[in-house]
Amino acid sequence: MKPALDVRRVALTALAPALALLIALGVSAVALVASGHSPLATMQQMLGYAALPRTQVLIINTASYYYLAAVAVAIGFRMNLFNIGVDGQYRLAALLAAAAGGAVHLPRPLHLLLIVTVAVAVGGMWAAIAGLLKAYRGVSEVISTIMLNAISTALIAYLLTPGRLAVATQGSNNIGTPPIPASGQVPGIDLIPGAGTPVFGFVVVSVLVGVAYAVLLDRTRFGFDLRATGRSAPAAVASGVNVKKMVVVAMLLSGGCAGLVGMPQLLGASYSYSLDFPTGIGFTGIAIALLGRNHPVGIALGALLWSFLDQSSQILDLEGVPKEVVTIMQGSTVLSVVVAYELVRRYSQVLERRRVGAALSGGEPACA
Amino acid sequence: MRLTPARTALGAFALVALLSIVRAVSGAGDLTSSGAVSAALGLAVPIAMAGLGGLWSERAGVVNIGLEGMMVLGTWGAGWAGYQWGPWTGLVAALAFGAAGGLLHAIATVLFNVDHIVSGVAINILAVGATQFLSGAFFAGQPGGSTKQSPTVGDIGSVGLPFVDVPLGRLEGKHWLLVSDLAGVLRGLLTDLSWITLIAVVLFPLTFFVLWRTAFGLRLRACGESPVAAESLGVNVYRMKLVAVVISGGLAGLGGASLALAASNFYQEGQTGGRGYIGLAAMIFGNWRPGGLAGGAALFGFADALQLRGGQAVHALLLLVAILLALLAVWQLRRRRAVRGLVSLGCAGGMLAVYLLTDSVPSQLTGSVPYVTTLLVLALASQRLRMPAADGMPYRRGEDG
């Protein structure tokens, strides 16, 4: 391959995200101007806020679980399965893991292992219901995971009552599972100097999950089969893949990963599943997986961007700028990323045609 | 088996008879009361409208997960125009706002070939952000309004069949087996209907007629089955898809209007509560057909209404589900599907055991009954669902699929 073409390809690859960012910034600027605020000053405030060490810790902490949620969704996407149920899977998993962790006293590694195993198992099994229904009864995973989300919400409300899994939290009218003792907590890491608060220790697991995702899907036979099934089920069958088994295994993996989503928060900050445990991360995960185009590094960048926007909305609120601008930014980013990729794809096709045309006309004349 | 009017009527009568027996056995009078039926109808409308929106879009080959967002836009439009110029203008605005969301989805998916799911998810995020933003700009500071709620909208009014309310009410009060139940159901369906409910009911036969009995509908469905074939016959596939998705958004917006104008009388943040997704589920449940979709929406609406009316009615619902599962088992066994029949029978027995061993369903779990029922029905009934063949596929003019 000629080096000149490589430069062009790199430029084209960088063009798409840059274009997307420009479109998203443009839309947000319009919203800001419409509400009577200066876009430039607002951006400066957001960036200035993000430069503070304390904010950076918050951004990394939030991104650590956004990343897990997005990888869970992406595993499904790679196999052409749409797991909308990550939301219910992680909430149910976090509740049961918190209850299990708060009920026992074990030495640290065992205690942690127990909590994480429970979380992965619950998430995986909850998702596997949808997988089994899809594989053996032909029920669309879109509909079954939506139903399972609603069922898990009801189940959590039922289990999280005093007398079942919950106890009253001292000093407030909140209720939650009994707190996990110190042996089941993950200590933070002082990653950013001067922040005062450490980064969730569980961020290491997020990174490891990303590496495992990359290796499993792109470097193993199993990953090849999974991607092949996603691209074309008949072709996969022809090469000897058991599609039904693949559907169940993919949902198990996706749900298992979803089970981890609640862990950074649970083991690093709240130590108990209470009524105010974060919800809706599963839906954010869908958007981030799309933003990162299912690529392990792309998802990481997407998670960091999303969490930066989330955090900077805090400062906007204080400065009197409507913080909903951030939601508009997030939505338009998702849309503009795909539009930008499509535009760049069409543009590069045109370039390719021109290049081939030029090469042909420069050499031997083609047959009439 | 084709659904003829006679068969439909027979089926409906059998269902009322079954409900009547369950009511008599369980003593849960709310099962067939006019109040429960009318609440069920009201709750089914937003789900049905979202589902109908999904039907239009997916029949033209565009997957529409953005229904939820278009519905959110509809609720906001209804509140914004409704409090200033009255509920009917609110209804039109809801239609327009939903259609605008549909247009965005159409432009992204049809013209830019954006993945349908990506665009839908983005629209759901954008709609929530945009309405929150607009509420802050328009509703905050108005009397009765806040950043999360619009000022109150006037009543859109209701309509009913004349001269039937009083006699049916008297019959219902007698608590006779079957007769009173039928009276209760009819009274719930025929009296005190919101105008929006009436519009929603009319839209079903209208959709069926347009999509299945006109040349326009045939072309539109052809775009969902095989756009390349449609193109070769001279159909402008882009235009068809654009029209279908805009209509889809308008219908979802109408569903939003029913929440803001009929179920309550203001816009409120989070008013849709995921009903767009449930509507999508009802449509898949109904096999991408208006009749099936109406059945699915009615199921969700009925279970929702019973849940709002307390644990006893939901407890009675367990008995109903057990009987239905047992009937399904008999049907499957007669068709010599032994394994499925036995599984269904086992589920029916389990349901019956739960019914007999408990006095009421815990209040936190009643909300999950429609969802569990849907999963059971989909898992146990024979799967004959078939989505449009080119649903969700990208299409570019002149390129062979």
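Residues numbered from 1 in each chain as written. Chains lettered and ligands numbered in written order. Predicted model: local features only at pLDDT ≥ 70, side-chain atom pairs only at ≥ 80, totals over all residues. Heavy atoms only, no water.

Enquirer: Please explain the overall build of chain B as it appears in this structure.
Expert: In terms of regular secondary structure, chain B is built from 17 helices and 2 strands. Against the 2.2 N^0.38 benchmark of 21 Å for 401 residues, chain B shows a C-alpha radius of gyration of 22 Å, consistent with a compact globule. With the C-alpha coordinates of chain B rotated into their principal frame, the extents come out at 60 × 60 × 40 Å. Across the 401 residues in chain B, those meeting the buried criterion constitute 51%. Of the roughly 17,100 Å² of accessible surface on chain B, 67% is carried by carbon and sulfur atoms. Here chain B contributes 25 positive and 17 negative side-chain charges, whose respective centroids are spaced 11 Å apart. (Helix = DSSP H or I, 4+ residues; strand = E, 2+ residues; numbered from the N terminus. Rg over C-alpha atoms; globule rule 2.2 N^0.38 Å. Buried < 20%, exposed > 50% of the residue type's maximum accessible area, 1.4 Å probe, protein only. Areas by Shrake-Rupley, 256 points an atom, 1.4 Å probe, with all protein chains shown as cover. Lys, Arg positive; Asp, Glu negative; His and termini not counted. Charge placed at Lys NZ, Arg CZ, Asp CG, Glu CD.)

Enquirer: Before we go on, may I ask you to explain the overall build of chain A in this structure?
Expert: When its secondary structure is counted, chain A shows 14 helices and 2 strands. Based on the C-alpha atoms only, the size of chain A along its principal axes is roughly 85 × 60 × 35 Å. Scored against the burial criterion, the 368 residues of chain A give a buried share of 50%. The long-range fraction of contacts in chain A, counting pairs at least 24 apart against all pairs at least 6 apart in sequence, stands at 75%. (Contact = heavy atoms within 4.5 Å.)

Enquirer: Any chance you could explain the nonpolar core here in plain terms?
Expert: Within the largest apolar cluster, 166 residues are counted, with the highest numbers of intra-cluster contacts made by Met263(A) and Leu267(A). No other element matches the 14 residues that helix H3 (residues 53-78) of chain A contributes to this core. Setting aside residues up to four positions removed in sequence, Met263(A) forms contacts with Ala94(A), Ala97(A), Ile115(A), Ala119(A), Phe202(A) and Gly268(A). Among the nonpolar cores identified, the runner-up in size contains 31 residues, and Ala316(B), Val361(B), Val369(B) and Leu380(B) belong to it. (Core = buried A, V, L, I, M, F, W, Y, C linked by side-chain atoms within 4.5 Å.)

Enquirer: Explain the packing of aromatic side chains here, please?
Expert: Two numbers describe a pair of aromatic rings. These are the distance of the centres and the angle of the planes. All told, the structure shown has 17 aromatic pairs over all chains when counted by the stated rule. Ring geometry for Trp80(B) versus Phe138(B): centroids 6.3 Å apart, planes at 75°, classification edge-to-face. Here Phe138(B) lies in helix H5 (residues 116-138) and Trp80(B) lies in helix H3 (residues 67-85), a separation of 58 residues in the sequence. Among the residues examined, Trp80(B) registers a relative accessible area of 21% and is labelled partly exposed. An aromatic cluster of at least three residues, connected via ring pairs, comprises Trp76(B), Trp80(B), Tyr83(B), Trp85(B), Phe97(B), Phe138(B), Phe139(B) and Tyr267(B). Arg293(A) extends its terminal NZ or CZ atom over the ring of Tyr341(A), reaching a point 3.8 Å from the ring centre. The ring centre of Trp212(B) lies 4.9 Å from the NZ or CZ of Arg289(B), which sits over that ring. (Phe/Tyr/Trp six-rings, centres within 6.5 Å; stacked < 30°, edge-to-face > 60°. Lys NZ or Arg CZ within 6 Å of the ring centre and 35° of its normal.)

Enquirer: Got a minute to help me understand the interface of chain A and chain B in this structure?
Expert: Much of the literature gives interface size as the accessible area that the parts lose upon coming together. Each partner contributes residues to the interface: chain A has 44 residues there, and chain B has 41 residues. Of the roughly 3,400 Å² buried between chain A and chain B on both sides combined, carbon and sulfur atoms contribute 81%. Considering only the side of chain A, the residues that lose the most area to chain B are Arg137(A), Met147(A) and Leu335(A), jointly responsible for 19% of the buried surface there. Counting the contacts that link chain A with chain B gives 2 residue pairs in polar contact (both at pLDDT 80 or more). Elements with a contribution of two residues or more to the side of chain A that touches chain B: helix H5 (108-137), helix H6 (141-159), helix H12 (281-291) and helix H14 (324-362) of chain A. (Buried area = accessible area lost by both parts, 1.4 Å probe. Polar contact = N/O pair within 3.5 Å; in protein donor to acceptor, adjacent residues only side chain to side chain.)

Enquirer: Honestly, the packing of helix H13 (residues 290-308) of chain B against helix H17 (residues 369-380) of chain B in this entry has me stumped. Any pointers?
Expert: Axis angle and axis distance: for two packed helices, these are the angle between their axes and the distance between the axes, and together they describe the pair. All names here are of chain B. H17 packs onto H13 with a crossing angle of 145° between their chain directions and a minimal axis gap of 8 Å. For the crossing formed where H13 meets H17, the hand is right-handed. Across from Leu299, Phe300 and Ala303 in H13, the residues of H17 making contact are Pro370, Tyr371, Thr373 and Thr374. (Axes fitted to C-alpha atoms, helices over the stretch in contact; angles between N-to-C directions. Left-handed = near helix turned anticlockwise from the far one by under 90°.)

Enquirer: Just to check I follow, could you spell out the side chain of Asn61(A) for this structure?
Expert: Residue and element names in this part refer to chain A. With respect to the helices and strands, asparagine 61 occurs in helix H3. Owing to a relative accessible area of 8%, asparagine 61 belongs among the buried residues under this scheme. Discounting residues that sit within four places of it in the chain, asparagine 61 has contacts with Pro198, Val199 and Phe200.

Enquirer: Which parts of the structure should I look at to understand a nonpolar patch on the surface?
Expert: Among the surface-exposed residues, Phe13(B), Trp176(B), Leu177(B), Leu178(B), Val179(B), Leu182(B) and Leu186(B) lie close enough to one another that they form a single nonpolar patch of about 600 Å² accessible area. Within the fold, Val179(B) resides in helix H7 (residues 179-190). (Patch = residues over 30% accessible without salt bridge, like charges linked within 9 Å, V, L, I, M, F, W, Y side chains within 5 Å. Salt bridge = Lys/Arg side-chain N within 4 Å of Asp/Glu carboxyl O.)

Enquirer: What's the story with the pattern of salt bridges in this structure? I'm lost.
Expert: A side chain with one charge can pair with a side chain of the opposite charge if their charged atoms come near. All names here are of chain A. Across all of its chains, the model carries 13 salt bridges over all chains by this definition. As a salt-bridge pair, arginine 345 and glutamate 342 come within 3.3 Å of each other at their nearest N and O atoms. Of this pair, arginine 345 and glutamate 342 are both found in helix H14, 3 residues apart, which corresponds to roughly one turn of the helix. What makes arginine 345 partly exposed here is its relative accessible area of 38%.

Enquirer: Where do I start with helix H12 (residues 275-285) of chain B in this structure?
Expert: Side chains three or four residues apart in an α-helix point the same way, a direct result of the helix having 3.6 residues per turn. Among the 11 residues in H12(B), 10 count as buried, and that is most of the element. For H12(B), the complete set of buried residues consists of Arg275(B), Gly276(B), Tyr277(B), Ile278(B), Gly279(B), Leu280(B), Ala281(B), Ala282(B), Met283(B) and Ile284(B).

Enquirer: Any chance you could explain the environment of Ala99(A) here in plain terms?
Expert: Residue and element names in this part refer to chain A. Inspection of the secondary structure assignment puts alanine 99 in helix H4 (residues 86-103). Looking at alanine 99, the relative accessible area reads 14%, which means it is buried. Residues alanine 99 and glycine 194, 95 residues apart in the sequence, show an inter-C-alpha distance of 35 Å. Beyond its immediate stretch of four places on either side in the chain, alanine 99 contacts Leu165 and Thr177.

Enquirer: Before we go on, may I ask you to explain the domain arrangement of chain B in this structure?
Expert: Residue and element names in this part refer to chain B. When its domains are assigned, chain B resolves into domain 1 (26-153 + 162-309) and domain 2 (311-382). Inter-centroid distance (C-alpha atoms) of domain 1 to domain 2 is 28 Å. Each partner contributes to the interface: domain 1 provides 13 residues, whereas domain 2 provides 14 residues. Taken together, the two surfaces of domain 1 and domain 2 that pack against each other cover about 1,300 Å², and 78% of this comes from carbon and sulfur. The three residues of domain 1 that bury the most area against domain 2 are Phe285, Phe300 and Gln307, which together make up 35% of that side's buried surface. The interface formed by domain 1 and domain 2 includes 0 salt bridges. (Domains from an automatic or database assignment.)

Enquirer: Can you walk me through unusual backbone geometry in this structure?
Expert: Keep in mind that most residues, glycine aside, have a negative phi and that most peptide bonds are trans. We note that Tyr271(A) has phi near 60°; this positive angle belongs to a residue other than glycine. By the secondary structure assignment, Tyr271(A) is in the loop between helix H11 (263-270) and H12. Backbone geometry places Arg336(B), a non-glycine residue, at a positive phi of 60°. As for its position among the elements, Arg336(B) is in the loop between helix H14 (311-334) and helix H15 (338-357).

Enquirer: Just checking my understanding: could you explain the packing of helix H9 (residues 215-225) of chain B against helix H11 (residues 237-263) of chain B for this structure?
Expert: All names here are of chain B. One can describe the packing of H9 onto H11 by two numbers: an axis separation of 9 Å at closest approach and a directional angle of 100°. Compared by their axis directions, H9 and H11 come out roughly perpendicular. Contacts from Phe216, Arg219, Leu220 and Cys223 in H9 reach Val237, Met240, Lys241, Val243 and Ala244 in H11. The residue makeup of the contact of H9 with H11, split by class, is 7 nonpolar, no polar and 2 charged. (Parallel < 35°, antiparallel > 145°, perpendicular 65-115°, else oblique. Nonpolar A, V, L, I, M, F, W, Y, C, P; charged D, E, K, R; others polar.)

Enquirer: Sorry, what's going on with the environment of Gly224(B) here?
Expert: Residues and elements named next belong to chain B. Residue position: glycine 224 is located in helix H9. A relative accessible area of 0% places glycine 224 in the buried class. Spatially, the C-alpha atom of glycine 224 lies 38 Å from that of leucine 345, the residues being 121 residues apart in sequence. If near-sequence neighbours (up to four positions away) are discounted, glycine 224 is found in contact with Arg59, Ala60, Gly61, Pro388, Ala389, Ala390 and Asp391.

Enquirer: Quick question: what am I supposed to make of the environment of Ile156(B) here?
Expert: Residue and element names in this part refer to chain B. Within the fold, isoleucine 156 resides in the loop between H5 and strand E1 (158-159). A residue is classified by how much of its surface remains accessible, and isoleucine 156, at 6% relative accessible area, is buried. Each C-alpha atom of the pair isoleucine 156 and arginine 59 lies 32 Å from the other, and the pair is 97 residues apart in sequence. Aside from chain neighbours lying at most four places away, what touches isoleucine 156 is Pro87, Trp88, Ser194, Trp195, Ile196 and Leu261.

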